[in-house]
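# Summary of structural features
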Amino acid sequence: MDPRLKEIVDNYDSWKISLDGSFRFHCTECGKCCINREDILLTPRDLCNASKAMNMLPPAFVNAYCECYIGQDSRIPIVRLKPIGSIKRCPLLKDRKCSIHQAKPAVCAMFPVGRAVTIDKDSYNQDGVLSSQIQYILNPITCGDQSETHTVRDWLNAFHIPLEDEFFLKWHSCIAELSSFIRKEEKKIPEHVMNDLWTAVYIHLYLDYDLSAEFLPQFERNAKDVLDLFHQLKELPESAS
Ligand code: SF4
Ligand code: SF4
C-alpha cells in the first residue's frame, strides 16, 4: 500500500474530525510543506486549474511537472506532482512560494484538513458516492503556530471548498467503479489491451479538456465515456477480452 495512504488508514479513527470540530493552527508561510513531498496527487480538476494558472495545456503541464503511474491498490492511472532533488521539493515551489497559489491542488489548500470518502471497494454502490460518505481528518500539525482557532467548516469556506462538492463526489464515484472493475478483470485481460485501456483512461480523465470551457460538464462527459467503455468490455464474452 502507498505509504501515505497506509499512514491515513492506520490513523484514520484518531485523526477523524467533524465539520464543526475545531483545531488551532495558523500558517506562517514557511514553505516547508512543499518539500519532502511525494504525495501531492492531482485530480483532473486540480490539473486543469494548475495548467490554466501556468498558461499551459494539461498535457504540457503533466510533461513539465508531473509523473503518472498505475496505483498499486487502485489499479487506475494516478497523476502526481513530481518531486525534485534529494529534498523532494515540489516542482511548483519557487522562491519559497507556490507558483500557483490561487489554483493550488485541493490537498494543499485544505492542509491540515484532509477529506476522504469511505467506500467498500468490493461492494461499490452503483448509485455513486453520496455527500454523507465524506469524512474529514486532521493531519498532525507540526508547523505554523497555534494563534488561530478554526472549525473544519470555516476552514473549507475560507478556501472556497464547497461542502457539497459535486466534482469530488463524481470523481470518487468514477474512480471507485473503475478501480473495482480493473481489480476484478485485470488478470483476464491481455497486457497490451490493458495498457491501451489505461492510456485511454489517462487521456480521457486527465488530459482531454478545453480550458476555456466549464470544467464539470467536460469531466462528466469524459467519465461517462470511460465507464461506458468498461461496461462494454464487461459484456464481451470471455474469449473476446
Ligand atoms: S502545489 Fe504549491 S502548495 Fe502544493 S506542494 Fe506544490 S508549491 Fe506547495
Ligand atoms: S502549512 Fe505549515 S509547513 Fe506549510 S507553509 Fe504553512 S506553516 Fe509552513
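Because the structure is predicted, anything quoted here is derived from the model rather than measured. (Residues numbered from 1 in each chain as written. Chains lettered and ligands numbered in written order. Predicted model: local features only at pLDDT ≥ 70, side-chain atom pairs only at ≥ 80, totals over all residues.)

## Here's the deal with the overall build of the protein
Applied cut-off: To qualify as a helix, a DSSP run of H or I must reach at least 4 residues; to qualify as a strand, a run of E must reach at least 2; elements of each kind are numbered from the N terminus. Computation of the radius of gyration draws on C-alpha atoms, with the globule rule given as 2.2 Å multiplied by the number of residues to the power 0.38. Burial is judged by counting other C-beta atoms within 10 Å of a residue's own C-beta: 20 or more means buried, 12 or fewer means exposed, and anything between counts as partly exposed, with every C-beta placed from the backbone. Whether two residues are in contact is decided by their C-beta atoms, placed from the backbone, lying within 7 Å.
Within the protein one finds eight helices and nine strands. Here the C-alpha radius of gyration of the protein, 19 Å, is about what a compact globule of 241 residues would show, namely 18 Å. Counting only C-alpha atoms and orienting by the principal axes, one finds that the protein spans roughly 65 × 35 × 35 Å. Residue burial in the protein is summarised as follows: out of 241 residues, 22% are buried. For the protein, restricting intrachain contacts to residue pairs at least 6 apart in sequence, the fraction spanning at least 24 positions comes to 73%.

## Some words on the site of ligand 2
Here is the rule: As used in this record, a residue near a molecule or strand is one whose C-beta atom, placed from the backbone, is within 6 Å of it. Note on residue classes: Ala, Val, Leu, Ile, Met, Phe, Trp, Tyr, Cys and Pro are nonpolar, Asp, Glu, Lys and Arg are charged, and everything else, Gly too, is polar.
Surrounding ligand 2, one finds Cys27, Thr28, Glu29, Cys30, Gly31, Lys32, Cys33, Phe111, Cys143 and Gly144. Its residues placed into classes, the shell around ligand 2 shows five nonpolar, three polar and two charged.

## Overview of the sheet that holds strand β1 (residues 16-17)
Where we set the bar: Each pair of strands is called paired provided DSSP finds at least two bridges between the two strands. Angles run from 0 to 180 degrees between N-to-C directions of axes, and those axes are lines fitted to C-alpha atoms, restricted for helices to the stretch in contact.
Spatially, β1-β8-β7 is the arrangement adopted by the three strands of the open sheet, whose pairing is antiparallel. On the outer flanks of this sheet lie β1 and β7 (113-117), each paired with one strand and no other. Bridge analysis of β1 against strand β8 (residues 134-138) gives two bridges, and the strand direction is antiparallel. Residue isoleucine 17 lies in a different strand from β8, and its bridge partner there is tyrosine 136. Of the strands in this sheet, β1 and β8 are in contact with helix α1 (residues 3-15), which crosses β8 at around 90 degrees.

## Regarding the site of ligand 1
In the vicinity of ligand 1, the contacting residues are Cys34, Arg37, Ile40, Leu81, Cys90, Leu92, Leu93, Cys98, Lys104, Pro105 and Cys108. Classifying every residue of the shell around ligand 1 by side-chain character gives nine nonpolar, no polar and two charged.

## Focus: helix α3 (residues 58-65)
Convention followed: By definition, the arc is the one covered by directions from the helix axis to the C-beta atoms.
For α3, every residue scored as buried is listed here: Pro58, Phe61, Val62 and Tyr65. Down the axis of α3, the smallest arc covering the buried residues is 100 degrees, so these residues share one side. Considering only its buried residues, α3 is in contact with α2 (44-53), β3 (66-70), β4 (77-81) and α7 (191-207).

## Observations concerning the pairing of β8
Where β7 lies against β8, five bridges are found, and the strand directions are antiparallel. Counted as the bridge partner of valine 117 is isoleucine 134 from β8.

## Some thoughts on unusual backbone geometry
Put simply, phenylalanine 111 and proline 112 share a cis peptide bond, and its omega is 10 degrees. Located in the positive-phi region is lysine 88, a residue other than glycine, with phi close to 50 degrees. By C-beta crowding, lysine 88 is classed as partly exposed, having 14 other C-beta atoms within 10 Å. A positive phi is found at histidine 160, a non-glycine position, where the angle reads about 55 degrees. Here histidine 160 is to be found in the loop between α5 (152-158) and α6 (166-185). Under the C-beta neighbour-count criterion, histidine 160 is labelled exposed, with 7 such atoms within 10 Å.

## Focus: the nonpolar core
Note on soluble globular proteins: their nonpolar side chains tend to be buried together. The criterion, for reference: Put simply, a nonpolar core is a cluster of buried Ala, Val, Leu, Ile, Met, Phe, Trp, Tyr and Cys residues tied together by C-beta atoms within 7 Å.
Grouped together as the largest cluster of nonpolar side chains are 31 residues, with contacts concentrated most on Leu47, Cys66, Leu81 and Leu178. Those elements that place two or more of their residues in this core are α2, α3, β4, α6, α7 and α8 (215-235). The element contributing the most residues to this core is α6, with five residues. In this structure, cysteine 66 is in contact with Leu42, Phe61, Val79, Arg80, Leu81 and Lys82, ignoring residues within four places of it in sequence. Val113, Tyr136, Trp155 and Leu156 belong to the second-largest nonpolar core, a separate cluster that totals five residues.

## A short note on the environment of arginine 89
Inspection of the secondary structure puts arginine 89 in the loop between β4 and β5 (93-94). With 17 C-beta atoms packed within 10 Å, arginine 89 lands in the partly exposed category. When the C-alpha positions of arginine 89 and lysine 188 are compared, they lie 39 Å apart, and in sequence the two are 99 residues distant.

## Topic: the environment of asparagine 222
Within the secondary structure, asparagine 222 sits in helix α8. A sequence separation of 138 residues divides asparagine 222 from isoleucine 84, and the C-alpha atoms of the two residues are 31 Å apart. With sequence-adjacent residues up to four places away left out, asparagine 222 is seen in contact with His204, Leu205 and Asp208.

## What about the confidence of the model for the protein?
For clarity, the threshold we go by: Within a predicted model, pLDDT stands for the predictor's per-residue confidence, ranging from 0 to 100.
With 93% of its residues at a pLDDT of 70 or more, the protein has an overall mean of 89. Taking the mean pLDDT of every element in the protein, the minimum, 82, falls on α1 and the maximum, 98, on α3.

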